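Survey of secondary and tertiary structure
Here's the letter readout for the chains.
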Amino acid sequence: MPTFDNPVEDAMEASAALRGLAHATRTFDNPAETYPVLGELLAGVRSLRQVLDQLAAAHINARSRAHTDAGSQPAGATAALAAADELHQAGTLLDTVHDRVDAAMSQSGRIAWHPAPEPLDTTGATRTTVQAGELRLTVWPDVPLGEHQRYAYHIENPATGQSVDGRDLFTGTGAPVSPERALRELAVFLSAAGDARQFAIENPGQHTDNDGAFPDWVADAARQHPDTLIELIDHDPDIAERTSRRWVSVVFLQGDEADQVLDIIDRDGADAAIEHLSGYDFGEETTQAALENGYVYDQPPTGALDRTATGDVYTLTYSPFLGHVSLLRTHDAVPDPALLNSDTTAPTPAPARRTVERAPVRAGRAKATDWFARRPGASASHGRGLAL
């Protein structure tokens, strides 16, 4: 209990209380409790500001009694004034802390925290397990998050007993994918983590976007056994279906125009974005322009962070992280007339692939990779004589 008249004892009690608070706030079972904690901290910051001012005043008022260990009173008085000045500056800095905590509390007060979702009952879920080097990978279907399909996963090193679980293996907004495809996606992320770990070892002090995606022991295992992950990535269960068709690029957008489409996806869903982008499709003219420019693919080009959705004869690929959007169409398909040349902001007929770039890229995103550049997945031939 505070004494209100013994500064030493009350300082010791305040220090112990802050240590207890630091321990207690390591986890919050109920995130709504963060708001009252912020309120108490705000009051504490105000009191600490007052304490600093009063400590500074005590040094100034009693400077005539200040001496150094050698007995010098002038030097002791100078030290007392210097201490008071530092305390005043600390109090000024606390004004900024007070304003920041106050702003955080204001934003926190706008949040309506919902109950935590019930843990997924995985007892009846079909699990698929493979061994990739030292790692044992297991995936199973998880409940969708909104329109986004996802898998849960368990990564284990049987030799050490280490393991990690996750529920953030998102597999698109269309129909649920096969476990083999989910394993392939997981292998892509693990391979990226292994590359990032290798880069960090070879370049001390430098970091990449994939640092920290998995624990170090997972990244190390992925780095040491890249071939096993490549085998999983190359094993595409849908390759037989996709090699029977080819895709032409309708449009590829970056920058502001991509941001507009990403906003449509966030607000109205992928189907609305497909309908919007289909306005860039001019049927046979788009197909012929794609053939002339070589924008014909055995499969839709996608990056590790891309998401995909399908609608009618179109495939939409997009990345909120990298800030690009593209629409492809099967070359020999006829789009739904209701979609073809739908009302959109598309320009008059132009080349099948329209790329829009700007700098800087949308805030929070790295500059997008051009997945429609010449890649092994693209058809090697050009011109109207391309054999399909």
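Preceding this section is the structure that the text describes.
Residues numbered from 1 in each chain as written. Predicted model: local features only at pLDDT ≥ 70, side-chain atom pairs only at ≥ 80, totals over all residues. Heavy atoms only, no water.

1. Comments concerning the layout of surface pockets
If you add up the space inside the second largest pocket, you get close to 1100 Å³. In terms of lining, the second largest pocket is formed by 24 residues, of which the most central are Asp 10, Ala 14, Ser 47, Leu 48 and Val 51. When residues of the lining of the second largest pocket are traced back to their parent elements, those giving at least two are α1 (7–24) and α2 (34–61). It is α2 that provides the largest number of residues to the lining of the second largest pocket, a total of eleven residues. Looking at the lining of the second largest pocket residue by residue, the class counts come to 15 nonpolar, five polar and four charged. (1 Å grid on protein atoms, 1.4 Å probe; cavity = no way out; pocket = protein on both sides within 12 Å on 5 of 7 lines; lining within 4 Å. Points joined across faces, edges and corners; volume = space filled by probe spheres on them. Helix = DSSP H or I, 4+ residues; strand = E, 2+ residues; numbered from the N terminus. Nonpolar A, V, L, I, M, F, W, Y, C, P; charged D, E, K, R; others polar.)

2. Section: helix α6 (residues 226–234)
Among the residues making up α6, those that are buried are Leu 229, Leu 232 and Ile 233. Along the long axis of α6, the arc covered by the buried residues comes to 100 degrees, so they all point the same way. Counted as exposed and oriented over 90 degrees from the buried face of α6: Asp 227, Glu 231 and Asp 234. (Buried < 20%, exposed > 50% of the residue type's maximum accessible area, 1.4 Å probe, protein only. Arc of directions from axis to C-beta.)

3. Looking at the nonpolar core
Membership of the largest hydrophobic core comes to 25 residues, with the highest contact counts inside it found for Leu 137, Val 139, Ile 155, Leu 186, Leu 190, Phe 214 and Val 218. Taken together, the elements giving at least two residues each to this core come down to β2 (135–141), β3 (150–157), β4 (162–170), α4 (179–202), α5 (216–224) and α6. Those residues within four positions of Leu 190 in sequence are excluded, and the remaining contacts are Leu 137, Ile 155, Phe 214, Val 218, Ala 222 and Leu 229. Residues Val 250, Leu 262, Ile 265 and Leu 316 belong to the second largest nonpolar core, which totals 20 residues. (Core = buried A, V, L, I, M, F, W, Y, C linked by side-chain atoms within 4.5 Å. Contact = heavy atoms within 4.5 Å.)

4. A word on the sheet that holds strand β7 (residues 307–311)
Judged by pairing direction, the sheet is antiparallel, and its five strands sit side by side in the order β6-β5-β9-β8-β7 without closing on themselves. Either end of the sheet is taken by a strand with one partner, and the two such strands are β6 (296–297) and β7. When strand β5 (residues 247–254) meets strand β9 (residues 324–330), the two strands line up antiparallel, connected through seven bridges. Residue pairing across strands places Gln 254 opposite His 324, the latter belonging to β9. Along the sheet, helix α10 (residues 284–293) makes contact with β5, β6 and β9, crossing β5 at roughly 85 degrees. (Pairing = 2+ DSSP bridges. Axes fitted to C-alpha atoms, helices over the stretch in contact; angles between N-to-C directions.)

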